Amino acid sequence: MESLDLQLIEKQLGRRPRGVVGVGLRCPAGYPRVIVTKPVVEPGQVFPTTYWLTCPHLVKEVSRLESQGLVGELTERALHDADFARELVEAHEEYKAARQALLSPEEWETLKKEYPEQYASLQESGIAGIKNPGVKCLHAHLAHYLVGGRNPVGRIVWELIKEKACTRNRLASIGVGTNSTRLLIAEAGCGVTPVYEDIDYPRIGSSLEKGLLTEEAMERTLGVIRRFLKIVEEYQAELSVIFATSAVRSARNQGEFAQRVLEVVGQELRVLSGQEEALWTYKGATYGMVQSSSLVDIGGGSTEFVIDGSFTSLNVGAVRLHEAYFATGLPTQAQLDQARADIQEKLARIPVSNQRLVVVGGTATTLASMELGLEEYDAKQVHGRTLSQEVLRRWLVRLAELPVAERTKFPGLPPERADIIFSGTLILLTVMEHLNVLQVQVSVNDIMLGALLWQLGEGR
């Protein structure tokens, strides 16, 4: 079992699953729909339900049928319909045989000797522990049917609810960050599954010292948005939200840019507050996770934190720090000390937490890619990667010694980030030192996914 599957199953069930040996069936989105469990979860503790329905949507629909009295109706049918009763008996025997195969002969023998009552219970019972050819739990019958079982009850249940199975539609989000502008297209149904991602680097936050977005930066960004809109149309997706973060938020002429976006997109630009940015990022980064986590998102113009449920945004980002201290050439020790002191002063507001720390954003994913030596970015390899303080210090030294043109020779470092990766690394290392965290876990899910989840109502 993959750890992500276990996390998803725990989220579906609302508790940690026990005795899971695999996923019996997945939904069209790739999420577990039915899981397979061992008949013995601990010595002497048996679990007769071999196939367990986990899809929250299907569980709800089946529960509705149970509340309407379908269990009683089918039990009555089994008493008067000989063919139906025969099929039901065969289903129980088939279920029992599948359960039998999940333990070795040696394991069964041990159970028989040491726990004879539990052994007898498993040998005598059928679907979900029923000891007669009856109908008890529609969820268990449906789970058996969905994995290929010849289950007449499961077949009837599926016929009644399959038309209400999850429908899927494609949604898109466009995010205008200080350094990059990004596109995410995802399919939404029982969960949200990314199907296409794109990124460009118009740097709308460049030369923002006077508090104004420049004409050049706005036009570059609008050009990227126009290109993204064509892709959204090609994928037959609906643009769910277009939003902007730190640079636009802090610009005095954000209204002008928002009006120009409206004219291009036909939809209002949502300028997120720092707290909204942190909330959306946290929602995306922890999607599918069950274990509680704190979060840091290092952007171009700001860094967002979620520590023990408290949301904070600091005006320190990779682009902003680079332009303030490191834009003139190789960093000097004096510049490094001043920049670190600046970060530390702002971090004084951030409390220390004992939760594990998840980090998102281009700095983190790029560092993970560099550490892996990836010639081409691979989100599957980057997602879940850990970065230690030791690794970051090593990269900080290597980057400080090289001009921007030389840094691009590192596999995993795109040219568009070669100048700001040093400042981003410094921010992340200083954050880890402040929080007394020896390592962080990188997530490729972030505000782009969080934006769609929020629009779907999952974060409200």
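Provided above is the structure to which this section pertains.
Scope of this entry: the structure provided in the associated data block. The model shown is predicted, which means the values in this text are computed figures rather than measured ones. (Residues numbered from 1 in each chain as written. Predicted model: local features only at pLDDT ≥ 70, side-chain atom pairs only at ≥ 80, totals over all residues. Heavy atoms only, no water.)

1. Some remarks on the sheet that holds strand 1 (residues 20–26)
As a reminder, the rule being used: Strands were regarded as paired on the criterion that DSSP finds at least two bridges between them. Numbering goes from the N terminus for both helices and strands, where a helix is a DSSP run of H or I of at least four residues and a strand is a run of E of at least two. Helix axes use the C-alpha atoms of the stretch in contact, all axes being lines fitted to C-alpha atoms, and the angles between their N-to-C directions lie in the range 0 to 180 degrees.
Taken in spatial order, the 3 strands of this open sheet run 1-2-5, and their pairing is antiparallel. Of all strands in the sheet, those with a lone pairing partner are strand 1 and strand 5 (51–53), marking the two edges. Adjacent strand axes in the sheet meet at a mean angle of 30 degrees when their direction is disregarded. The sheet contact formed by strand 1 and strand 2 (residues 32–37) spans 5 bridges and is antiparallel. Note that in strand 2 the partner of valine 20 across the bridge is threonine 37.

2. Section: the packing of helix 3 (residues 70–80) against helix 8 (residues 152–161)
Definition in use: Here is the rule for angles: anything less than 35 degrees is roughly parallel, anything more than 145 is roughly antiparallel, 65 through 115 is roughly perpendicular, and the remaining ranges are oblique. Crossing handedness: left-handed means the near helix sits turned counterclockwise from the far one by under a right angle, and right-handed means the same turn made clockwise. By definition in these notes, contact holds between two residues if any of their heavy atoms fall within 4.5 Å. Amino acid classes used here: Ala, Val, Leu, Ile, Met, Phe, Trp, Tyr, Cys and Pro are nonpolar; Asp, Glu, Lys and Arg are charged; the rest, including Gly, are polar.
Direction vectors running N to C along helix 3 and helix 8 enclose 140 degrees, while the axes themselves pass 12 Å from each other. In terms of their interaxial angle, helix 3 and helix 8 are classed as oblique. Considering how the two elements wind past one another, helix 3 and helix 8 form a crossing that is right-handed. Every residue of helix 8 that contacts helix 3 at Leu70, Leu74 and Arg77 is listed here: Val153, Ile156, Val157 and Leu160. Partitioning the contact of helix 3 with helix 8 into residue classes produces 6 nonpolar, no polar and 1 charged.

3. A short note on the nonpolar core
Rules: The criterion is simple. A nonpolar core is a set of buried Ala, Val, Leu, Ile, Met, Phe, Trp, Tyr and Cys residues joined through side-chain atoms within 4.5 Å. With a 1.4 Å probe rolled over the protein chains alone, any residue whose accessible area is under 20% of its type maximum counts as buried; one over 50% counts as exposed, and the rest are partly exposed.
Among the nonpolar cores identified, the biggest contains 44 residues, and Val296, Phe305, Leu321, Leu367, Leu426 and Leu428 are the most heavily contacted of them. Residue contacts for leucine 367: discarding those within four places in its chain leaves Leu387, Leu392, Trp395, Ile421, Thr425 and Leu428. Among the nonpolar cores identified, the runner-up in size contains 28 residues, and Leu70, Ala78, Leu138 and Ile156 belong to it.

4. A word on the packing of aromatic side chains
Spelled out, the test is: Centre distance within 6.5 Å is the pairing criterion for rings of Phe, Tyr and Trp, where only the six-membered ring of Trp is used; planes under 30 degrees apart are then read as stacked, over 60 as edge-to-face, and the remainder as tilted.
Evaluation of the coordinates by the stated rule reveals 9 aromatic pairs. Measuring from centroid to centroid gives 6.1 Å for tryptophan 108 and tyrosine 119, while their planes differ by 75 degrees, and the two rings are edge-to-face. With tryptophan 108 in helix 5 (residues 105–114) and tyrosine 119 in helix 6 (residues 116–124), this pair connects stretches of sequence that are 11 residues apart. Judged by relative accessible area, tryptophan 108 falls into the buried class, the value being 6%. Through a chain of ring-to-ring contacts, the aromatic side chains of Phe243, Trp280 and Trp454 assemble into a single cluster.

Note that all results are geometric; they support no functional claim without further evidence.
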